[in-house]
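One letter stands for each residue in the lines below.
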Amino acid sequence: MRKTITGTGGMLLLQTLKDAGVEYLFTNPGSAETGIFAALAESEEQRLVVGKHEGLVAAMADGYHRLSGKVGVVIAHVMGGSYQLAGQLFNAQNAGSSLLVIAGDWASELQDYRGLAPYPGLSQAESMRPITKDARAAYSVVANPIAIPVATARALREATTPPTGPVYLSISAQLLNREGLEAEIGEGAGYRIEPPSPARPQTLDAIARRLGAAQCPVLMFGDDVWRGGAQAEAVRLAELLHAPVFPSRQIFVNFPNRHPLYCGMYPVSNDFVRTTGLKPDLLFLVGCQGVHGPVAEPSVMQIGPNPVLMGRHYPLDVAAQCEVKGTLQALIETLTRMHGSDAVAGWANRRDKVRAYARTLIEREETLVREHEHDAVVHPAVLEAHLADVLPRETVMVQESSTARTALLPFGHGGMTWTRSGGGSLGFGVGAAIGAKIAVGRERPVVLHLGDGALGYSAMGFWTMARYNTAMLIVVSNNESYQIVRHNWAKDMPDSKMVRDGKYPGLMLGSPMVDYVGLARAQGVEGEAVTKVKELETALRRGLERVTKENRPYLLDVSVAREGVGADATWDQDWSL
């Protein structure tokens, strides 16, 4: 059913968003969007979530989308403000997150330059294309009010149709403010397109035949497994084949990391081959964007709803654009029918050492904990062990720390929910955790685990936490350095004087030390510093109690040891004005 409404451009926009089921608008308000906020003051249909930086706001919308499954809608500002979104839209683009960014536009036929608007000859929407879905999903509405609901529904459709991703929509500021506009709105309008169906029977037969014949198939489950609710089917397939699972880069834990067939990150290590005596001969990618790096296995198959990166760097023996959950269900049935119980028993016998290898990964981490449990400074493995002991299974963890370890924490199917940045642009964690908490409500605890380097990009988010009481436990792994950068420099130039002498310019974050507890308290979030192992468990339990029982955010600034090459290096350029 459709209806005609009359009002400002801002009213047409909000009514369209209401009909699409949008409940929250994430924003750092700007002047070009006056018509949107004036309309919001009249209707109050959507709840406003305010952040003090556009990048923080985009991360909020991303975190909200990931945990709710709904589109995260951002009200941004004209070109100058929109550009502040860049780092977090880059993350959302890489993660395939369904975001809709809406901004006012001071475009005019005279092409005059106005403050934060595009320079004459440039287009605001065009300038945002490189960091939107498929580098193309950026639209503009300049003069026709009927285009507001049409373009908004189109943008929502683009954001949610595979390959999913962020979409940018700029609307003339004059149109947003103008009274007496008329347009037809789709009451209760849907914008979702039916996703691909399960793979065809002949495709399933081809996949099952190759999996059954392989000596050691390797399984890789990507983020469309989590999005499609297919984690249980992923576990069933791995257990049927007795096949090792090696994830590549991911934003969710799509296969439980404590499962006895979980064998660490791809590529397959030489240690796996030595321990098991198995040489992987087939790689089966399920719901993945693809492998980040070379593929060693001679045969590769890939299925999932997003075909954009299928076969981009390597040939595929079988490939299918399809829905994941139903395909895995049908594939399990096909394997059982085609190969029978004798073959399944043979797979179990042939790959009996896979579970033994997977166990060594956990044992190594447990040994590391025992070796460092009495250190003066908290070792990252010890922090991990305490988190594993304290956090309940229903926890949602947002992680933005290269120091953080995860082998002992039960993530994935049957355990905690975990998500991380998609593209690695720092500043994701604080906003994403706020959005995640809004999505899950009070029923599930949210833990934000991030490094001190990452927190420096988004610490103004404490204000948003306090304002909306998004109760979460914030754990800062504070090693006073950009540790991941040091590791990468040492890997890329191991014979350089920089590495030999332990002189890594610009990577030390102390001198002066930042008081993160004071920084949080100044914005309304309480917390404490933890400097000794003996303080850690009590502080974690106290923080979790503040979050779950008192329903308020709490920060733990944990001093952790630096690891790896150059861990003892504290040199930096010594100069000052």
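Residues numbered from 1 in each chain as written. Predicted model: local features only at pLDDT ≥ 70, side-chain atom pairs only at ≥ 80, totals over all residues. Heavy atoms only, no water.

Visitor: Can you walk me through the sheet that holds strand S2 (residues 24-27) in this structure?
Guide: Sheet architecture is open: 6 strands sit in the order S3-S2-S4-S5-S7-S6, paired in parallel fashion. Looking at which strands have only one partner, the edges of the open sheet turn out to be strand S3 (47-50) and strand S6 (138-141). The sheet shows a mean angle of 25 degrees between the axes of neighbouring strands, direction not considered. Packed on one face of the sheet, helix H7 (residues 147-160) meets strand S5 (99-105), S6 and strand S7 (167-172) and runs near 170 degrees to S7. (Pairing = 2+ DSSP bridges. Helix = DSSP H or I, 4+ residues; strand = E, 2+ residues; numbered from the N terminus. Axes fitted to C-alpha atoms, helices over the stretch in contact; angles between N-to-C directions. Contact = heavy atoms within 4.5 Å.)

Visitor: Any chance you could explain the packing of helix H9 (residues 201-213) against helix H13 (residues 324-350) here in plain terms?
Guide: Helices that pack against each other are described as a pair by the angle of their axes relative to one another and the distance between those axes. Across the interface, H9 lies against H13 with an axial gap of 9 Å and an inter-helix angle of 30 degrees. In terms of their interaxial angle, H9 and H13 are classed as roughly parallel. In the packing of H9 onto H13, the handedness of the crossing is right-handed. Counting all contacts with H9, which are made through Leu204, Asp205, Ile207, Ala208, Arg209, Leu211 and Gly212, the residues of H13 involved are Thr327, Ala330, Leu331, Thr334, Leu335, Arg337, Met338, His339 and Trp347. Here the residues of the contact of H9 with H13 are counted per class, giving 9 nonpolar, 4 polar and 3 charged. (Parallel < 35°, antiparallel > 145°, perpendicular 65-115°, else oblique. Left-handed = near helix turned anticlockwise from the far one by under 90°. Nonpolar A, V, L, I, M, F, W, Y, C, P; charged D, E, K, R; others polar.)

Visitor: Which parts of the structure should I look at to understand the environment of Ala345?
Guide: Counting through the fold element by element, Ala345 comes out in helix H13. When the C-alpha atoms of Ala345 and His242 are compared, they prove to be 9.4 Å apart, with 103 residues separating the residues in sequence.

Visitor: Looking at this model, I keep getting lost on the nonpolar core. Mind explaining?
Guide: Core analysis: the largest hydrophobic core is formed by 54 residues, its most contacted members being Leu237 and Phe284. Of all elements in the fold, only H9, strand S9 (217-221), helix H11 (231-241), strand S10 (282-286), strand S11 (299-304), strand S12 (318-321), H13 and helix H14 (354-372) reach the threshold of two or more residues within this core. Ranked by residue count, the leading element in this core is H13, at 7 residues. Once residues lying within four places of it in the same chain are set aside, the contact partners of Leu237 are Leu219, Phe221, Phe284, Leu328, Leu331, Ile332 and Leu335. Of all hydrophobic cores here, the second largest spans 50 residues; its members include Ala125, Phe428, Ala436 and Ala520. (Core = buried A, V, L, I, M, F, W, Y, C linked by side-chain atoms within 4.5 Å. Buried < 20%, exposed > 50% of the residue type's maximum accessible area, 1.4 Å probe, protein only.)

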